[in-house]
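This is what each chain is made of:
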Amino acid sequence: KVALARLAEPAPPAPQPPAPPGAASWDDAAFPNVGISLSCLRQFVAQSAHQLAGRSTAEVCAEVVKPATERAACSYAQLVQGRGERIGTATVFVSHAWRYAFVEFAEAVLTLERTEEWPEEVFVWIDVFSVNQHKSDERDFTWWSTTFREAVRDIGRTLVVLAPFHDPIPLTRAWCLFEIFSTVDTGAALDLRLSFAEEAAFARALRSGDFDFNAWVAAVDLERAEAWDPRDRANIMAAVQASVGVGELNVRVLAALREWLLTQGRRALEEVPETDRATSALLINFAELIDDQGRLTEAEPLYREALEGRRAKLGAEHVDTFRVMNLLGNLLKVSGNLEEAEVLYRETLAGRKAKLGTSHPDTLTSTNNLATLLQAKGAADEAKVLFREALGGRRTQLGVEHPHTLSSINNLANLLDNEGNFTEAEALYREALEGKRRELGKHHPSTLGSINNLGLLLWRQGDHSEEADKLLREALEGGRAKLGARHPGTLTAIHNLAALQEARSQPDEAAALYQDAVDGRRAVLGAGHQATLSSINKLAQLYKAQGQVEKAEPLLQEMLTTSRTILGEQHPETGDNAYNFGNFLWQQGRWAEAAESYDLAVNAYDAAYGGYHQETADARVRAEHARTASAHQLAGRSTAEVCAEVVKPATERAACSYAQLVQGRGERIGTATVFVSHAWRYAFVEFAEAVLTLERTEEWPEEVFVWIDVFSVNQHKSDERDFTWWSTTFREAVRDIGRTLVVLAPFHDPIPLTRAWCLFEIFSTVDTGAALDLRLSFAEEAAFARALRSGDFDFNAWVAAVDLERAEAWDPRDRANIMAAVQASVGVGELNVRVLAALREWLLTQGRRALEEVPETDRATSALLMNLAALLRKLGRLAEAEPLYREALEGRRAKLGAEHVDTFRVVNNLATLLSDQGQLTEAEVLYRAALDRRRASIGDNHADTLNSTNGLAIVLSRQGKWDEAEPLHRKALEIKRGRLGDDHPDTLASLNNLANDLTEQGRTSDAEPLYRDVLRGHRAQLGGGHPTTLGSINNLARLLQNLGKLPESEELYSMALQGRVEKLGREHPDTVTSMNGLASVLREQGNAQEAEALLREVLEITRAKYSMVHPDMLAAMSQLAAVLRQGAPEEAEVLYRDVLEGTITMFGKEHSETYVAMDKLAFLLSNQDKPDEAVLLYRRVLDGRCAEFGDDHPEVLTTMNNLAMALDDQGCRSQAEELYRSVLQRSRKKFGDEHLETADCAYNFAGFLKDSGNFLEATVMYELAVVGYQMVYGSDHQETVDAKDAAKLSREDALLH
């Protein structure tokens, strides 16, 4: 106590010393920028070491500094200057925590003495010495946030003392945070230091491997910083937030920590003797440290050095050698070098099995690692075997609740999840989660990982988004509570929840979460880590999709800069990022910048793939076009702007068109051979490029003259034309030119198909018979080709989004005139059909071209192959689609495995195609396989399972297997009602399918209420005029016709026809279907004249519309023949023969449709007393239908009945009777006595028996027919009445005879 009192005694009174040159006195408002020399600090510590021992900086200030300076009321620096010590203007500002041990703090500052970059003399600003401790409390926060921050900037370097290293106090104190913020915000340098003792302890931790960098960094969060006075903390946090923000400050501080840590690691490694370096634990620990930071290129040579050293010193079979081999394999797998990683994993596994045995934990770890690599390579079958082997071993050796066992359960679940086997995967995920919750606790990192995995699985299944949301939020909250907001596991949870919210159309929450993930991953993992780049990319794409280009741009730029730095200029990922950023700049009209970015992509692709690869060529083309656009005065201008700013001023004096103007200068102009349709608001340069693609089209003559409104029309008079001129003169001109080129730009959402004037130009082309040609610019073609090859472009979704009814115009009157003109002609619906047909043909051309560029090794599993097959099926080109589907199926089985989810997606699609082709037997086999697999993997309620259920039910129904088909339809309907509600479109579709099935079974009375429910639902959901509603009206009309309710059927057919004419146009296929239906019911009601007129109109439409036979044309011919059977049988026969010939052309001789046509012709011939040919045709039909459907299918029974009648007409009565009896027996067995099919068979056989004089048995048959008709139609129906009358007459005849 006495010694301390002496030390605290001030020096003899002396005059107030002068401030050093440039220094300020604390008495004014300026900052006291005086610093003490390092020698002064060392002397202070040396003279009083025993008195300072164990005391904090706060205690040293209170018990030493303040008493020593109390009489002079000055700073300690000013005091010692009077004693001859060196002080000067501060060159280093020291930030530290006052509650840390002063001696160790001073030691950390004194490490500056060994830093070669520093000048000979350093003056350190330490608040304890530089500030007048008797007045420091008088400064308010305004002074700190202005004068103080400027002083930190002027000093130029801040030293932060990180003590203790395992949990640095300065990063938990608000004033230290403010000092760090002032450094970062003003651009001063940031330096991190440890005391000598802390440095030694830290080096030991590094060498021993006891230091966890990620956990250390994750614990650093400047938002948790505290202050003695809560008002200080509030002021400091507000100042930081108003400037760079706490998140950005975290990023910068942690970046400095990361670099400092690497320096410490390298320094420690340099101190290891060269002979021990390669086998040292430090080498491996340091490699793992930088590996964890994502700095793979730096970690790899260290791992290789360690592996070589261990092989040389310990031997290739040593357990430590295997450990390093495993670590290097892990790194190579993450780097994408899967081939070398596999070699190392297999060598490690074989070595550990030989050395340790198959059941050793390390061996099981190697088994698990090899499985994960094989899964990444797509070798799912072998991976699955290994995962199950690892899991079995761990369950046996470690127990079911061991963390490694639970990890294996999770890994196997992940593979099954990726395969689409969601049911087993979900069960395993839940098992792993329950075990981890019991053994590890609900907030353990591994438990949180399992919560996250289960949540992602449920999200992918699509049916459990609420439970998925709950689980992902639980994972996030648990991570924040247990691991901290900056732990990598927490950041993964944030990223995943963001992705879920994006998928659930919650862009604001998704953006906020992605931003949190980006900030955290930048800080903890570094800007170059793959996870960081993933979050940046997702956020950038989200902003881009929302049109927030100003937010998307810096993120895209960061991805490019980072990949250039981390991966190098010649890495393909750098090329992808450069290409994507170039596209972004191109869309902004920033051509010069885009060209530079494309050039980077060319360089990367050339190095990775070669100069002739498609990726390289695409990037080179885009770079050239960007340069051209940049150099041109038209760069960045729309066609409208070019017209206003270039064309109109150039032609103003002559008041003529631009074409006429340049003709006077000797340019070639001529009669237009191509009319160009485009959108004025699209970039002119790209539009012009699309037109210039005509130069490479071989079918064109040497010289082409294009009609472009900007150049061909006198822009000073174009506004004077009224719509009458456009609807007459203009349309005729389009017809005379003969070809219209439509510029589809941009390809992902073509502007011309949204503009009414472009619609009118397309309409004029279609309506006058001119050819329609679709084009893209070179750049758009390249981008489109990339989208096709990558599988990012969905043909059907793109085509489905095109609807010409959404077209708009600047003047609403123009749109009204155009829509009226179209509606009065072909109709908007029919125009949609024709334009979409042209789009599909164009897409086929583009798709085939892109498919040719897919490497042969990737073709069979490419998304493009599937998209192209789907498009061909949509176009009805089934024969062309089938080999593509089969190729895709074979490729996926070989590469992904027979049980993979993508494999069964192709199985299902091929089954659908075969069903469309009438190949029902093979379709049934494939549907059953797909359904069984999907039920096992994703459950009965998944949308994909329901799709397979529906497909199988339809195929079974078409084969007459109603006992199986109907339960499937009902199950699908029940599930959809429970999931989606009664009036959801999918539910109504299943209800309609069930109604169709019941109709096919002859249970028309059961089907009627279902069809009415479908119609009610569509009217409620879609409105009475929607095409789907009109289809439901048509379906109900057809059913009522079958029930004999002809007046209501006629009314509904008329309603459907009127709606379709108004909505779709008279020539639309659906309209033609309704015309056929109405004609049919009119014919049945005896109105043959009106029916004939309708059918001849249908025939005229279809013959004009289709150059070859078409189902609508054949249907009309068949209907017309039925009308003409009575009055004009010769013409009817000609039509039926044409129908048969056309059907054979379309479907082949063995198709079910061919048998229908053959049956109708045979029926007519039989009625024309031509039984011989009729019998031959009926026998062919019977053989074909028996082969296709089996012996008891309704169509087989109908054919047998018709053949029996023909044989009767031929005089072969015994054969006829045998057939009649066989038909009736099969029908009663198949359907029962109350079925319509049985009633018809009984009625026909009764007629035969009556004609044969067998009145008694005829009576029995008639009475059997009455039973069926009464059940189906009711007692008062004409069919029932006729059968009753026939039974009565037959009974009387039996009594007479």
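Residues numbered from 1 in each chain as written. Predicted model: local features only at pLDDT ≥ 70, side-chain atom pairs only at ≥ 80, totals over all residues. Heavy atoms only, no water.

### So, the overall build of the protein
Each helix and strand counted, the protein has 63 helices and ten strands in total. Radius of gyration (C-alpha) of the protein: 42 Å, far over the 34 Å computed for a compact globule of 1297 residues. Here the C-alpha coordinates of the protein stretch approximately 155 × 95 × 55 Å along the principal axes. Taking all 1297 residues of the protein together, 53% fall into the buried category. The long-range share in the protein, meaning contacts at least 24 apart out of those at least 6 apart in sequence, stands at 67%. Put simply, the protein shows about 56100 Å² of open surface, and 49% of that area lies on carbon and sulfur atoms. Looking at charge distribution, the protein has the averaged site of its 139 positive side-chain charges lying 3 Å from that of its 193 negative ones. (Helix = DSSP H or I, 4+ residues; strand = E, 2+ residues; numbered from the N terminus. Rg over C-alpha atoms; globule rule 2.2 N^0.38 Å. Buried < 20%, exposed > 50% of the residue type's maximum accessible area, 1.4 Å probe, protein only. Contact = heavy atoms within 4.5 Å. Areas by Shrake-Rupley, 256 points an atom, 1.4 Å probe, with all protein chains shown as cover. Lys, Arg positive; Asp, Glu negative; His and termini not counted. Charge placed at Lys NZ, Arg CZ, Asp CG, Glu CD.)

### Points about empty space enclosed by the protein
Per the stated rule, a full pass over the model turns up six cavities of 30 Å³ or more. The computed volume of the largest cavity comes to approximately 60 Å³. Taken together, E419, G420, H900, V901, F904, R933, R934, S937, I938 and D944 make up the lining of the largest cavity. At the level of elements, α45 (901-917) and α46 (920-938) are the ones that each hand at least two residues to the lining of the largest cavity. Counting residues per element, the lining of the largest cavity draws most heavily on α46, at four residues. Partitioning the lining of the largest cavity into residue classes produces three nonpolar, three polar and four charged. (1 Å grid on protein atoms, 1.4 Å probe; cavity = no way out; pocket = protein on both sides within 12 Å on 5 of 7 lines; lining within 4 Å. Points joined across faces, edges and corners; volume = space filled by probe spheres on them. Nonpolar A, V, L, I, M, F, W, Y, C, P; charged D, E, K, R; others polar.)

### Overview of a negative patch on the surface
Taken together, the side chains of D1240, E1279, D1282 and D1285 present a region of like negative charge at the surface. With three residues, helix α63 (residues 1278-1296) is the single largest residue contributor to the negative patch. Relative to the assigned elements, D1240 resides in helix α61 (residues 1236-1251). (Patch = residues over 30% accessible without salt bridge, like charges linked within 9 Å, V, L, I, M, F, W, Y side chains within 5 Å. Salt bridge = Lys/Arg side-chain N within 4 Å of Asp/Glu carboxyl O.)

### Let's talk about the packing of aromatic side chains
Evaluation of the coordinates by the stated rule reveals 32 aromatic pairs. A ring pair is formed by Y658 and F711, whose centres lie 5.3 Å apart and whose planes are at 45 degrees; its orientation type is tilted. Taken as a pair, Y658 in helix α33 (residues 658-663) and F711 in helix α35 (residues 709-712) lie far apart in primary sequence, 53 residues in all. For F711, a relative accessible area of 22% gives the class partly exposed. Seen from their ring centres, F675 and W707 are 4.9 Å apart, and the 25 degrees between their planes marks the pair as stacked. On the criterion of sequence distance, the pair formed by F675 in strand β7 (residues 674-677) and W707 in strand β8 (residues 706-707) is long-range, its members being 32 residues apart. For the pair shown, F675 and W707 are each scored as buried. Members of the aromatic cluster, each reached through a chain of ring pairs, are F31, F93, W125, W143, F148, W175 and F178. (Phe/Tyr/Trp six-rings, centres within 6.5 Å; stacked < 30°, edge-to-face > 60°.)

### So, the pattern of salt bridges
Counting across every chain of the model gives 72 salt bridges. A salt bridge links R193 to D191; its shortest N-O distance comes to 3.0 Å. This pair shows no difference in class: R193 is buried, exactly as D191 is. Close ionic contact of E1131 with R1096 constitutes a salt bridge, the shortest N to O distance being 3.2 Å. Placement of E1131 in helix α56 (residues 1129-1147) and of R1096 in helix α54 (residues 1088-1105) is noted, with a sequence separation of 35 residues between them. Take E1131: its relative accessible area is 33%, and that puts it in the partly exposed class. Residue classification places R1096 among the partly exposed positions, given a relative accessible area of 34%. Several salt bridges share partner residues, and in doing so they unite E924, R928, K961 and E964 into one network.

### With respect to the pairing of β7
The alternating pattern of β7 places V674 and V676 and F675 and S677 on opposite faces, both of which are buried. Two strands pair when backbone bridges link them, and β7 and β8 are joined in this way by two bridges, in the parallel orientation. Residue V674 lies in a different strand from β8, and its bridge partner there is V706. The sheet contact formed by β7 and strand β9 (residues 739-743) spans three bridges and is parallel. (Pairing = 2+ DSSP bridges.)

### Looking at the side chain of E761
As for its position among the elements, E761 is in helix α37 (residues 756-768). No salt bridge is formed by the buried E761. Its closest oppositely charged neighbour is R755, at 10 Å. In contact with E761, not counting residues within four places along its chain, are F675, S677, H678 and F730.

### Some thoughts on the sheet that holds β8
Spatial ordering of the open sheet is given by β8-β7-β9-β10, a layout of four strands whose pairing is parallel. The sheet terminates laterally at β8 and β10 (771-775), the two strands that pair on one side only. Bridge analysis of β9 against β10 gives five bridges, and the strand direction is parallel. Bridging across to β10, V742 finds its partner in L774. Helix α36 (residues 723-737) contacts β7, β8 and β9 of the sheet and is inclined by roughly 125 degrees relative to β7. (Axes fitted to C-alpha atoms, helices over the stretch in contact; angles between N-to-C directions.)

### So, the sheet that holds strand β6 (residues 189-193)
Strands sit in the order β2-β1-β4-β3-β5-β6 across an open sheet of six strands; the sheet is mixed. Two strands in the sheet have a free side with no partner beyond their single neighbour: β2 (87-89) and β6. When strand polarity is set aside, the average angle formed by the axes of neighbouring strands in this sheet is 40 degrees. The pairing of strand β3 (residues 92-95) with strand β5 (residues 157-161) spans three bridges and is parallel. From the neighbouring strand, S95 faces β5, where its bridge partner is V160.

### Observations regarding the confidence of the model for the protein
Mean pLDDT for the protein: 83, with 92% of residues reaching 70 or above. Across residues 1-27, where pLDDT falls below 50, the model places 43 contacts with residues more than four positions away in sequence or in other chains. (pLDDT = per-residue confidence, 0-100.)

### Focus on the packing of helix α19 (residues 361-377) against helix α20 (residues 380-398)
Orientation of α19 relative to α20, taken along the N-to-C sense of each, is 155 degrees, at an axis distance of 8 Å. Between α19 and α20, the crossing angle belongs to the class labelled roughly antiparallel. The interaxial crossing formed by α19 with α20 has left-handed handedness. Between α19, through P361, L364, T365, T367, N368, L370, A371, T372, L374 and Q375, and α20, the contact on the second element is made entirely by A380, E382, A383, L386, F387, E389, A390, G393, R394 and L398. Classifying every residue of the contact of α19 with α20 by side-chain character gives eleven nonpolar, six polar and three charged. (Parallel < 35°, antiparallel > 145°, perpendicular 65-115°, else oblique. Left-handed = near helix turned anticlockwise from the far one by under 90°.)

### Focus: the packing of helix α41 (residues 828-852) against helix α43 (residues 863-874)
With their axes 10 Å apart at the nearest point, α41 and α43 run at an angle of 155 degrees to one another. Taken together, the axes of α41 and α43 lie roughly antiparallel to each other. Judged by the sense of rotation from one axis to the other, the crossing of α41 with α43 is left-handed. Contacts between α41 and α43 involve R840, L843, L844, G847, R848, A850 and L851 on the former and, on the latter, L864, L865, L868, L871, L872 and K874. Looking at the contact of α41 with α43, its residues break down into nine nonpolar, one polar and three charged.

### Let's talk about helix α48 (residues 962-980)
The first and last C-alpha atoms of α48 sit 26 Å apart over 19 residues, in line with the 27 Å expected at 1.5 Å per residue. For α48, every residue scored as buried is listed here: W962, A965, E966, L968, H969, A972, L973, I975 and K976. In the stretch just after α48, G981 is the one whose phi turns positive, near 100 degrees. (Expected span 1.5 Å × (residues − 1).)

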